[in-house]
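Structural features, examined
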Amino acid sequence: MNRLGSITIRILTPEDIELMRALLKLFGDVFNDPRTYVDSQPSDAYLNRLLSSGYFIAMTALDGQEVVGGLAAYELHKFEQKRSEIYIYDLAVAETHRRRGIATSLISNLKELAR
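Residues numbered from 1 in each chain as written. Predicted model: local features only at pLDDT ≥ 70, side-chain atom pairs only at ≥ 80, totals over all residues. Heavy atoms only, no water.

Describing the environment of V38
- Note that V38 resides in the loop between α2 (34-37) and α3 (44-52).
- Considered as a pair, V38 and L26 are 12 residues apart in the sequence and their alpha carbons are 9.1 Å apart.
- Other than its neighbours up to four places away in sequence, V38 contacts L24 and K25. (Helix = DSSP H or I, 4+ residues; strand = E, 2+ residues; numbered from the N terminus. Contact = heavy atoms within 4.5 Å.)

So this is what it looks like as structure tokens:
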């Protein structure tokens, strides 16, 4: 967990199902696509498996208990060499919290994790 002023960056674990659901809601709001991110969310068991998988990474930016930013990323094991790469799939910050370095901090934390 890292801090950016009043914002805390947190890597989600299998115990963070409610934060994962809050992150999905944030994605739905920011991308104006609740149908994809909110209306048909997977079960707790599915999210637990995903967060336990080792190839999926979810991070949140918390302002107190509120999820105000986050990202979802995947580790892809490559075939041409023995290596892997991290791909950011979704990255969002609530409109009320933009221009405060939250997205940059999320990416920086992901870089550290990737090393």
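From this point, the discussion proceeds with the structure in view.
Regarding helix α1 (residues 17-30)
- In a regular helix each residue adds 1.5 Å, so 14 residues correspond to 20 Å; α1 covers 20 Å between its end C-alpha atoms and thus fits that length.
- All of the buried residues along α1 are I17, L19, M20, R21, L23, L24, L26, F27 and G28.
- Residues of α1 that are buried in the fold lie against β2 (7-11), α2, α3, β3 (56-63), β4 (66-77) and β5 (84-93).
- Immediately downstream of α1, the backbone of N32 shows phi near 50°, a positive value. (Expected span 1.5 Å × (residues − 1). Buried < 20%, exposed > 50% of the residue type's maximum accessible area, 1.4 Å probe, protein only.)

Description of the pattern of salt bridges
- Tallied over the entire structure, the rule returns eight salt bridges.
- A salt bridge links D29 to K25, with the shortest nitrogen-to-oxygen separation between them at 2.9 Å. A residue pair is termed a helical-turn pair when its members lie 3 or 4 positions apart in one helix, as D29 and K25 do in helix α1 at four residues.
- Overall, D29 belongs to the partly exposed group, its relative accessible area being 47%.
- The closest approach of N and O atoms between R115 and E112, which form a salt bridge, is 2.3 Å.
- On the basis of relative accessible area, R115 is assigned to the exposed category, the value being 72%.
- Salt bridges linked by common partners bring K78, E80, R83 and E85 together as one network. (Salt bridge = Lys/Arg side-chain N within 4 Å of Asp/Glu carboxyl O.)

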